[in-house]
Amino acid sequence: RDDLQDQLTSEKLKDAIGAKLVEAGAFLEYQSIATLGQKSKTSGEDYAVVVLIGKYENSTVMFTISMDSNLDIVGLYVK
């Protein structure tokens, strides 16, 4: 989302998750996908949250993606 881009540039994003994905190896498949809706406790804004579990050659990676009501990404966590 435009108002959040200053907080996380594409370069910072690449630095934050790029090495983890390289270490994980080749993508094999999604093991599970879950979606849910929630409301922000601080702003009252509605959000959709998608949790993807990806199986890679060397590990499993969990992606949590939060989107606002316009489906703009407002949160991305990789574990």
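Residues numbered from 1 in each chain as written. Predicted model: local features only at pLDDT ≥ 70, side-chain atom pairs only at ≥ 80, totals over all residues. Heavy atoms only, no water.

Asker: Give a detailed account of the overall build of the protein, specifying residues and quantitative values.
Answerer: Scanning the protein from N- to C-terminus turns up one helix and four strands. Along the protein, helices (α) and strands (β) appear in the sequence α-β-β-β-β when read from the amino end. Its C-alpha atoms give the protein principal-axis dimensions of roughly 40 × 30 × 20 Å. For the protein, the proportion of contacts with a sequence separation of at least 24, taken over those separated by at least 6, is 34%. As presented, the protein carries roughly 5,800 Å² of accessible surface, and 52% of it is formed by carbon and sulfur atoms. Where the 8 positive side-chain charges of the protein centre and where its 12 negative ones centre are 7 Å apart. (Helix = DSSP H or I, 4+ residues; strand = E, 2+ residues; numbered from the N terminus. Contact = heavy atoms within 4.5 Å. Areas by Shrake-Rupley, 256 points an atom, 1.4 Å probe, with all protein chains shown as cover. Lys, Arg positive; Asp, Glu negative; His and termini not counted. Charge placed at Lys NZ, Arg CZ, Asp CG, Glu CD.)

Asker: Just give me the short version of the sheet that holds strand E4 (residues 73–78), but keep the residues and values in it.
Answerer: The strand order across the open sheet formed by four strands is E1-E2-E3-E4, and the pairing between neighbours is antiparallel. Looking at which strands have only one partner, the edges of the open sheet turn out to be strand E1 (27–39) and E4. The mean inter-strand angle of the sheet, taken between neighbouring strand axes irrespective of direction, is 15°. Summarising the sheet, strand E3 (residues 60–67) and E4 pair through five bridges and their orientation is antiparallel. (Pairing = 2+ DSSP bridges. Axes fitted to C-alpha atoms, helices over the stretch in contact; angles between N-to-C directions.)

Asker: Outline the nonpolar core, listing residues and values.
Answerer: Residues Ala24, Val50, Leu52, Tyr56, Val61, Phe63, Ile65 and Met67 constitute the largest nonpolar core, which totals eight residues. Among the elements that make up this core, the one with the highest residue count is E3 (four residues). Setting aside residues up to four positions removed in sequence, Val61 forms contacts with Lys20, Leu21, Ala24, Leu52, Ile53, Gly54, Tyr56, Val78 and Lys79. (Core = buried A, V, L, I, M, F, W, Y, C linked by side-chain atoms within 4.5 Å. Buried < 20%, exposed > 50% of the residue type's maximum accessible area, 1.4 Å probe, protein only.)

Asker: Now, about the packing of aromatic side chains: what can you tell me, with residues and values included?
Answerer: Applying the stated rule across the entire model yields two aromatic pairs. Arranged with centres 5.3 Å apart and planes meeting at 75°, the rings of Phe27 and Tyr56 form a pair that is edge-to-face. One end of the pair, Phe27, is in strand E1; the other, Tyr56, is in strand E2 (residues 46–56), with 29 residues separating them in the sequence. In textbook terms, an aromatic cluster arises when at least three aromatic residues are bridged by ring pairs, as seen for Phe27, Tyr30 and Tyr56. (Phe/Tyr/Trp six-rings, centres within 6.5 Å; stacked < 30°, edge-to-face > 60°.)

Asker: Please set out unusual backbone geometry residue by residue, giving values where relevant.
Answerer: In the Ramachandran plot, Leu71 falls in the positive-phi region, its phi being about 65° despite a non-glycine side chain. Within the fold, Leu71 resides in the loop between E3 and E4. Take Leu71: its relative accessible area is 58%, and that puts it in the exposed class.

Asker: Describe helix H1 (residues 10–24), and please don't skip the residues or the numbers.
Answerer: Residues three or four positions apart in an α-helix share a direction because the helix packs 3.6 residues into each turn. For H1, with 15 residues, the first-to-last C-alpha span of 20 Å sits near the 21 Å given by 1.5 Å per residue. Approximately 40° is the largest bend angle found in H1, and it occurs at Ile17. (Expected span 1.5 Å × (residues − 1). Bend = angle between axes of the 7 residues up to and from the residue.)

Asker: Break down the pattern of salt bridges for me, citing the residues and quoting the values.
Answerer: Applying the stated rule across the entire model yields one salt bridge. Lys39 is the partner of Asp46 in a salt bridge, and the nearest nitrogen-oxygen pair spans 2.9 Å. Residue classification places Asp46 among the partly exposed positions, given a relative accessible area of 43%. (Salt bridge = Lys/Arg side-chain N within 4 Å of Asp/Glu carboxyl O.)

Purely spatial values, then, with no claim about function.
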